[in-house]
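For reference, the chains in residue letters:
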Amino acid sequence: MAPSVLFRLSLLLSLVLAVPAGAASARSTPPPADEVMGVLRRVETAQVRGTLRVLDSEFEELTRAQPRSVMPRVYRAWLAFPADTSWNELKALSSLEPENPWPHLGMGLIYIRWGLLSEARAPLAAARRVSPDFAPALWGEGLLLQAEGKPAEAEARLRESLSRLDAPQARTALGLLLAASPGREAEARAELTRSVEAWPEQPEALRKLASLAQAAKDVRAAAAAGEKLVALKPADREAHRLQAELWLSASEKDKAARSLERYVELGGADVAPLALRAHVYAELGRAADEEKALARLIEAELKDPEPLLRLSELAEARGDAAASEAFLVSASERAPARSDIHVRRARLCLKQERWREALVSYRAALAAPERKVAEAEAETAELVRRFRLPATPAKGVPDKIYARVSLGLVAIYMERLKESPELKGNLKLQVQVDETGKATQVKVLYDSLEDPLVAGHAYFAFLDAQYPPAKDEPIFQYVFRPPK
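Residues numbered from 1 in each chain as written. Predicted model: local features only at pLDDT ≥ 70, side-chain atom pairs only at ≥ 80, totals over all residues. Heavy atoms only, no water.

Visitor: Give me the lowdown on the sheet that holds strand 3 (residues 475-480), citing residues and values where you can.
Guide: Ordered in space as 2-1-3, the 3 strands form an open sheet in which the pairing is antiparallel. Bordering the open sheet on either side are strand 2 (439-447) and strand 3, each of which pairs with just one other strand. Put simply, the sheet's adjacent strands are angled 20° from each other on average, direction ignored. As paired elements, strand 1 (residues 427-433) and strand 2 share 7 bridges and run antiparallel to each other. Residue pairing across strands places Q432 opposite Q441, the latter belonging to strand 2. Seen against the sheet, helix 24 (residues 452-464) touches strand 1, strand 2 and strand 3 and runs at an angle of roughly 20° to strand 1. (Pairing = 2+ DSSP bridges. Helix = DSSP H or I, 4+ residues; strand = E, 2+ residues; numbered from the N terminus. Axes fitted to C-alpha atoms, helices over the stretch in contact; angles between N-to-C directions. Contact = heavy atoms within 4.5 Å.)

Visitor: Just give me the short version of the nonpolar core, but keep the residues and values in it.
Guide: The biggest cluster of nonpolar side chains holds 68 residues, and the ones touching the most others in it are F59, V74, W102 and W139. In this structure, W102 is in contact with P30, A33, V36, M37, L40, M71, V74, W78, F134 and P136, ignoring residues within four places of it in sequence. In terms of nonpolar packing, the next biggest core, distinct from the first, is built from 41 residues, Y402, L427, A439 and L453 among them. (Core = buried A, V, L, I, M, F, W, Y, C linked by side-chain atoms within 4.5 Å. Buried < 20%, exposed > 50% of the residue type's maximum accessible area, 1.4 Å probe, protein only.)

Visitor: Describe the packing of aromatic side chains, with residues and values.
Guide: All chains considered together, the criterion is met by 12 aromatic pairs. Measuring from ring centre to ring centre gives 6.1 Å for Y111 and W114, while their planes differ by 85°; the resulting arrangement is edge-to-face. With Y111 and W114 both in helix 6 (residues 101-114), this residue pair falls 3 residues apart, about one helical turn. Measuring from centroid to centroid gives 6.3 Å for Y413 and F480, while their planes differ by 70°, and the two rings are edge-to-face. (Phe/Tyr/Trp six-rings, centres within 6.5 Å; stacked < 30°, edge-to-face > 60°.)

Visitor: Break down unusual backbone geometry for me, citing the residues and quoting the values.
Guide: Among all residues except glycine, the phi angle is most often negative; among peptide bonds, the trans geometry is most common. Between F81 and the following residue, P82, the backbone shows a cis peptide bond with an omega angle of 0°. At E353, a position not held by glycine, the phi torsion is positive, near 60°. Position of E353 relative to the elements: it lies in the loop between helix 20 (339-351) and helix 21 (355-367). Given the relative accessible area of 53%, E353 is considered exposed. The residue E450 is not glycine, and still its phi comes out positive at about 55°.

Visitor: How would you explain the pattern of salt bridges if you had to name every residue and give the values?
Guide: Applying the stated rule across the entire model yields 47 salt bridges. A salt bridge links E141 to R128; its shortest N-O distance comes to 2.8 Å. Linking E141 in helix 8 (residues 135-147) with R128 in helix 7 (residues 117-130), this pair joins segments that are 13 residues apart in sequence. According to the relative accessible area criterion, R128 is partly exposed, its value standing at 23%. The residue E238 makes a salt bridge to R241 at a minimum N-O spacing of 2.7 Å. A residue pair is termed a helical-turn pair when its members lie 3 or 4 positions apart in one helix, as E238 and R241 do in helix 14 (residues 237-249) at 3 residues. Judged by relative accessible area, R241 falls into the partly exposed class, the value being 23%. (Salt bridge = Lys/Arg side-chain N within 4 Å of Asp/Glu carboxyl O.)

Visitor: How would you explain the environment of K438 if you had to name every residue and give the values?
Guide: Its place among the elements puts K438 in the loop between strand 1 and strand 2. Take K438: its relative accessible area is 49%, and that puts it in the partly exposed class. C-alpha of K438 to C-alpha of I341: the two residues are 97 residues apart in sequence and 26 Å apart in space. Ignoring anything within four residues of it in the chain, the contact list for K438 reads Q432, V433 and Q466.

Visitor: Describe helix 5 (residues 84-96), with residues and values.
Guide: For an α-helix, 3.6 residues make a turn, and residues three or four places apart therefore share a direction. With 13 residues, helix 5 extends 18 Å between its outermost C-alpha atoms, agreeing within 8% with the 18 Å of an ideal straight helix rising 1.5 Å per residue. Among all positions of helix 5, only S86, W87, L90, L93 and S94 are buried. Projected onto a plane normal to the axis of helix 5, the buried residues spread over an arc of 125° and lie on a single side. What points out from helix 5, more than 90 degrees from its buried face, is the exposed set D84, T85 and S95. Residues of helix 5 that are buried in the fold lie against helix 4 (71-78) and helix 6. (Expected span 1.5 Å × (residues − 1). Arc of directions from axis to C-beta.)

Visitor: Please set out the environment of G50 residue by residue, giving values where relevant.
Guide: Locating G50 in the fold gives a position in the loop between helix 2 (33-49) and helix 3 (52-65). Residue classification places G50 among the exposed residues on the basis of a relative accessible area of 61%. Between the C-alpha atom of G50 and that of P67, which follows or precedes it by 17 residues, the distance is 27 Å.

Visitor: I'd love a proper account of the layout of surface pockets, names of residues and values included.
Guide: A probe matching the size of a water molecule, rolled over the atoms, marks out where space remains unfilled. In this structure, the largest pocket encloses a volume near 810 Å³. E44, R113, W139, L143 and E204 are the residues nearest the centre of the largest pocket, which is lined by 26 residues in total. Sorting the residues of the lining of the largest pocket by element identifies helix 2, helix 6, helix 8, helix 10 (168-179) and helix 12 (203-215) as the ones contributing at least two each. A breakdown of the residues in the lining of the largest pocket according to their chemical character gives 15 nonpolar, 6 polar and 5 charged. Around the second largest pocket, the lining residues are R189, T193, V196, E197, L206, L209, A213, A221, A224, A225 and K228. (1 Å grid on protein atoms, 1.4 Å probe; cavity = no way out; pocket = protein on both sides within 12 Å on 5 of 7 lines; lining within 4 Å. Points joined across faces, edges and corners; volume = space filled by probe spheres on them. Nonpolar A, V, L, I, M, F, W, Y, C, P; charged D, E, K, R; others polar.)

Visitor: So what about helix 20? Which residues, and what values?
Guide: Counted at 1.5 Å a residue, the expected span for helix 20 with its 13 residues is 18 Å, and the 19 Å between its end C-alpha atoms agrees. Of all the residues in helix 20, the buried ones are S339, D340, I341, H342, V343, A346, L348 and C349. The elements touched by buried residues of helix 20 are helix 18 (306-317), helix 19 (321-334), helix 21 and helix 22 (376-387). One or two residues past the end of helix 20 sits E353, with phi positive at roughly 60°.

Visitor: Explain the pairing of strand 1 to me, using residue names and the numbers behind them.
Guide: Burial analysis of strand 1 places 5 of its 7 residues in the buried class, which makes it a mostly covered element. As judged from the 6 bridges shared by strand 1 and strand 3, these two strands associate in the antiparallel manner. Opposite Q432, over in strand 3, you have I475 as the bridge partner.

Visitor: Explain the packing of helix 15 (residues 253-265) against helix 16 (residues 271-284) to me, and be specific about the residues and the numbers.
Guide: At a minimum axis distance of 10 Å, the contact between helix 15 and helix 16 shows a crossing angle of 145°. At the point where helix 15 passes helix 16, the crossing takes the left-handed sense. Together, K253, D254, A257, L260, E261, Y263 and V264 of helix 15 and P273, L274, L276, R277, V280, Y281, E283 and L284 of helix 16 make up the contact between the two elements. Its residues placed into classes, the contact of helix 15 with helix 16 shows 10 nonpolar, no polar and 5 charged. (Left-handed = near helix turned anticlockwise from the far one by under 90°.)

Written out as structure tokens, the structure is:
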């Protein structure tokens, strides 16, 4: 026979036995406290699992079977706990059957959940008054004392409740109370372990139990508690995030990756778990998955250059230099003051023999104040020598600048001609100057020489030159025709 059918039969039987024979008009006697606490655990479990409609149907059936008993209506009111509708129904039932402690207890617990602590005292006191040995009321008073910031009194009341009725609800409350007391973590773990063994469907208790086990370096116990939490709340992305950290503590990287994947599938977008997912993929050697994770991370984290730097590494490793450089450019835009990023781009350009772009990046690196690279200055100097750039830039009227630059171009051209005897052609450039006489743009308009070092020398020589100040921001053009 199905458990739900057995439950309905036992509950119906208890309600039938509660009504004295031949006393149809007499008020019912509530079932034993442990039985009702068991029903309330079923209600909370259904709230967690999203199956309240099933219980509602069962309680509705009980209401029809025992119209004179208020307990089915108490249970149905608990389905909406702690909403206003729940409190209103319990209030009505407390007036209908004032000697029944359960409606009073329910009202008191709702007040505690609402944070109306002074209002909670009266209904809890009423529950104790009509049933002085009523253990669930002691549980409620323990919760109230804890909410009032009286941990010692709360602990005493909860232990008194447990001495009369070993209910998992009270044991969980005690475990959570002890967990907040420094030095009593071991006691808290013991209480919560006993509680979840009897009643596994407790998200808060499982979460705290996992946290306590993790703090105690008991990684396997922590992961086991977290796994139960994930099974209980499969759509709770935070549970999956927590479980990923627990799996990592237990050195279960594959399981951690799956937990983080589920976190993202459920819409998780916090930076820390997204970064953790990329890190786990890196440690597992799953480069393709790592790239996808990093791409998602840079959408969530708009300032940190590190994900872009890692993407650059991965792109370079698979031979995509263009993508690698594009990621470096984006990283430098996020952190322009970081010298090391500019150096990485410069070195990438050197590998491709893109000398001009390399020197531009090296100059940016030397100007950037953060994370200096010791070798950058020497590498820059070597590239300057390769371009045969002058120690001091040209200065003066345009004709004087042209003459100075031409001398340098002739020198580097003759040097390059030794290596490439067929080197011929012309080079035409355009220079944009601002009001102060500083070049803001040097553009190659025509280059039939097709020698990167000659073109680079002209580019930097004109870029570094100091032109006469002029309000109209003039544009100069220059043509280099090598000597014959």
